[in-house]
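In case you want the letters, here they are:
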Amino acid sequence: MRAWDLGFGPGERGIMIRLNGSYMYQVGFTLHPLQSVNTTWTNGQLYGVTFNAERWLDILLNNSLYKLQTAFASGQELLATLKEVNVKLMSDDIEFGDK
């Protein structure tokens, strides 16, 4: 059986979705450090990770050729959380050297 018989290839029976592997790797590379966030990090370390994650996630969800379907809602929820965290980290009473 050929891949396009299952709807995974070009032709009348299916649509092939091409992904830019480098782009998707970069998105994953910036989101992955969010798993490691803990209380030993300084606010500056946290902001560096959350700022980059917010930027790349926003591009992926809202300004990309790739339209996520199954992960769009949870991606938007994560994006809203990252924006909220970044607003708090940028407030005047937060020092980047503090934990």
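Bear in mind that the values here come from a model prediction, so they are computed numbers and not experimental data.

Thresholds applied
- Residues numbered from 1 in each chain as written.
- Predicted model: local features only at pLDDT ≥ 70, side-chain atom pairs only at ≥ 80, totals over all residues.
- Heavy atoms only, no water.
- Phe/Tyr/Trp six-rings, centres within 6.5 Å; stacked < 30°, edge-to-face > 60°.
- Helix = DSSP H or I, 4+ residues; strand = E, 2+ residues; numbered from the N terminus.
- Axes fitted to C-alpha atoms, helices over the stretch in contact; angles between N-to-C directions.
- Left-handed = near helix turned anticlockwise from the far one by under 90°.
- Contact = heavy atoms within 4.5 Å.
- Nonpolar A, V, L, I, M, F, W, Y, C, P; charged D, E, K, R; others polar.
- Expected span 1.5 Å × (residues − 1).
- Buried < 20%, exposed > 50% of the residue type's maximum accessible area, 1.4 Å probe, protein only.
- Arc of directions from axis to C-beta.
- Lys, Arg positive; Asp, Glu negative; His and termini not counted.
- Salt bridge = Lys/Arg side-chain N within 4 Å of Asp/Glu carboxyl O.
- Polar contact = N/O pair within 3.5 Å; in protein donor to acceptor, adjacent residues only side chain to side chain.

**Remarks on the packing of aromatic side chains**
Part 1 of the argument: Going through the model one piece at a time under the given rule, you end up with 3 aromatic pairs.
Part 2 of the argument: Relative to Phe 29, the ring of Tyr 25 lies with its centre 6.1 Å away and its plane at 20 degrees, an arrangement referred to as stacked. On the criterion of helical spacing, the pair formed by Tyr 25 and Phe 29 is a turn pair, its members being 4 residues apart in helix 1 (residues 21-31).

**Comments concerning the packing of helix 1 against helix 2 (residues 43-62)**
Part 1 of the argument: Across the interface, helix 1 lies against helix 2 with an axial gap of 8 Å and an inter-helix angle of 145 degrees. The crossing of helix 1 and helix 2 is left-handed. From helix 1, Tyr 23, Met 24, Gln 26, Val 27, Thr 30 and Leu 31 reach across to helix 2, where they touch Val 49, Asn 52, Ala 53, Trp 56, Leu 57, Ile 59 and Leu 60.
Part 2 of the argument: Taken together, the residues that form the contact of helix 1 with helix 2 break down as 10 nonpolar, 3 polar and no charged.

**Regarding helix 3 (residues 72-89)**
Part 1 of the argument: In this model helix 3 runs 25 Å from its N-terminal to its C-terminal C-alpha over 18 residues, within 8% of the 26 Å that 1.5 Å per residue would give.
Part 2 of the argument: For helix 3, the complete set of buried residues consists of Gly 75, Leu 79, Leu 82, Asn 86 and Leu 89. Seen along its axis, helix 3 keeps its buried residues to an arc of 85 degrees; they face one direction. Of the residues in helix 3, the exposed ones pointing more than 90 degrees away from the buried face are Ala 73, Glu 77, Val 87 and Lys 88.
Part 3 of the argument: In this structure, the buried residues of helix 3 make contact with helix 2.

**A closer look at the side chain of Glu 54**
Part 1 of the argument: Here Glu 54 is to be found in helix 2.
Part 2 of the argument: No salt bridge is formed by the buried Glu 54. Its closest oppositely charged neighbour is Lys 83, at 5.0 Å.
Part 3 of the argument: At 2.5 Å, the side chain of Glu 54 forms a polar contact with the side chain of Asn 86.
Part 4 of the argument: The contacts of Glu 54, once residues within four sequence positions are left out, are Leu 79, Leu 82, Lys 83 and Asn 86.

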